[in-house]
Amino acid sequence: MIDLNTPEYEQHEHWMRAAILRAQAAFEAEEVPVGAVIVHDGRIIGEGFNQRETLQDPTAHAEMIALTQAADSLKSWRLIDCTLYVTLEPCPMCAGAIVQARVPRVVFGTADPKAGACGTLYQITDDPRLNHRALVIPGILQEECRFLLQEFFAIQRRKGKK
């Protein structure tokens, strides 16, 4: 577990707040509020929020969009020396993409009990049978990340959706 009184934790909080801003943009667009940023050398090189409804694309998850932008920024599909910050634990598709992109660190806000693939249901990012493993740091600003999702789905239920 990470010590809450360290510069490392403060750094993780800083970047997770950037991911939360992207999740809020998704919320405003009536998309499931998940946001992601990829950090390399102290700057964001990829960012995204869920856009499945907007783009009518089942792969338009926050992480996938951020991974694509980061690869374009580095001109490489290998995202070594990068950290992915995402408000919700990645699903199997996104965890697979993280492994394929060789992302060394994944920091997420709240666990996903229905599709979490970075420790909750599956351990794709830590599976020794795969060619890459990522260090996973869960629970950064967990309550803020969870609240956005709960609020979004409460509103959707009141509207008779989702």
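A few points on the structure. Positions within a chain are numbered from 1, following the residues in the order the chain's sequence is written. Only residues with pLDDT of 70 or above have their local features reported here, since the model is predicted, and side-chain atom pairs are shown and tallied only from 80 upward, although totals for entire chains, interfaces and linings are computed over all residues. As a rule here, side-chain values cover all heavy atoms of the structure and leave hydrogens and water aside.

**A closer look at the pairing of strand S4 (residues 105-110)**
Inference 1: Summary of the burial criterion: residues with accessible area below 20% of their type's maximum are buried, those above 50% are exposed, and those between are partly exposed, where the area comes from a 1.4 Å probe applied to protein chains only. Note on conventions: DSSP H or I runs of at least 4 residues are helices, E runs of at least 2 residues are strands, and numbering of each starts at the N terminus. Taking burial as the measure, the 6 residues of S4 include 5 buried ones, the bulk of the element.
Inference 2: In this structure, strand S3 (residues 82-88) lies alongside S4, joined through 5 bridges in parallel fashion. The residue of S4 that forms the bridge with Val-86 is Phe-108.
Inference 3: At least two DSSP bridges between two strands are needed for those strands to be called paired. Two strands pair when backbone bridges link them, and S4 and strand S5 (residues 135-137) are joined in this way by 3 bridges, in the parallel orientation. For Val-107, the partnering residue across the bridge sits in S5 and is Ile-137.

**Focus: the packing of aromatic side chains**
Inference 1: Stacked, tilted and edge-to-face pairs are distinguished by plane angle, under 30 degrees for stacked and over 60 for edge-to-face with tilted covering the rest, among Phe, Tyr and Trp rings (Trp via its six-membered ring) whose centres lie within 6.5 Å. In total, this model carries 2 aromatic pairs according to the counting rule given.
Inference 2: Each ring, one from Phe-27 and one from Phe-152, has its centre 5.8 Å from the other, and the planes form 70°; the classification is edge-to-face. One end of the pair, Phe-27, is in helix H1 (residues 7-28); the other, Phe-152, is in helix H5 (residues 142-158), and 125 residues separate them in sequence.
Inference 3: When the ring of Phe-152 is compared with that of Phe-153, the centres are 5.1 Å apart and the planes differ by 80°; the resulting orientation is edge-to-face.
Inference 4: When its relative accessible area of 1% is taken as the criterion, Phe-152 is described as buried.
Inference 5: Taken together, Phe-27, Phe-152 and Phe-153 form an aromatic cluster joined through their ring pairs.

**Regarding the packing of helix H3 (residues 62-74) against helix H4 (residues 92-100)**
Inference 1: Here H3 crosses H4 at 20°, and the two axes come no closer than 9 Å. Classified by the interaxial angle, the pair formed by H3 and H4 is roughly parallel. Considering the relative orientation of H3 and H4, their crossing is left-handed. Residues Glu-63, Met-64 and Leu-67 of H3 pack against Met-93, Cys-94, Ala-97 and Ile-98 of H4.
Inference 2: Residues were grouped as follows: Ala, Val, Leu, Ile, Met, Phe, Trp, Tyr, Cys and Pro as nonpolar; Asp, Glu, Lys and Arg as charged; and all remaining residues, including Gly, as polar. For the contact of H3 with H4, the class distribution of residues is 6 nonpolar, no polar and 1 charged. Here the axes come from fitting lines to C-alpha atoms, over the contacting stretch only for helices, and the angles between their N-to-C directions go from 0 to 180 degrees. In this scheme, roughly parallel covers angles under 35 degrees and roughly antiparallel covers those over 145, while 65 to 115 is roughly perpendicular and the rest are oblique. Left-handed describes a crossing whose near helix is turned anticlockwise from the far helix through less than a right angle; right-handed describes the clockwise counterpart. Pairs of residues are marked as contacts when any of their non-hydrogen atoms sit within 4.5 Å.

**As for the pattern of salt bridges**
Inference 1: Put simply, a salt bridge is a Lys or Arg side-chain nitrogen that is within 4 Å of an Asp or Glu carboxyl oxygen. Counted according to the given criterion, the structure contains 6 salt bridges.
Inference 2: Linking Arg-17 and Glu-144 is a salt bridge whose minimum nitrogen-to-oxygen distance equals 3.1 Å. Linking Arg-17 in helix H1 with Glu-144 in helix H5, this pair joins segments that are 127 residues apart in sequence.
Inference 3: Its relative accessible area of 37% is what places Glu-144 among the partly exposed residues.
Inference 4: Of the charged contacts in the structure, one is a salt bridge between Lys-159 and Glu-30, with a shortest N-O distance of 3.7 Å. With Lys-159 in the segment after H5 and Glu-30 in the loop between H1 and strand S1 (35-40), the pair connects residues that are 129 residues apart, well separated along the chain.

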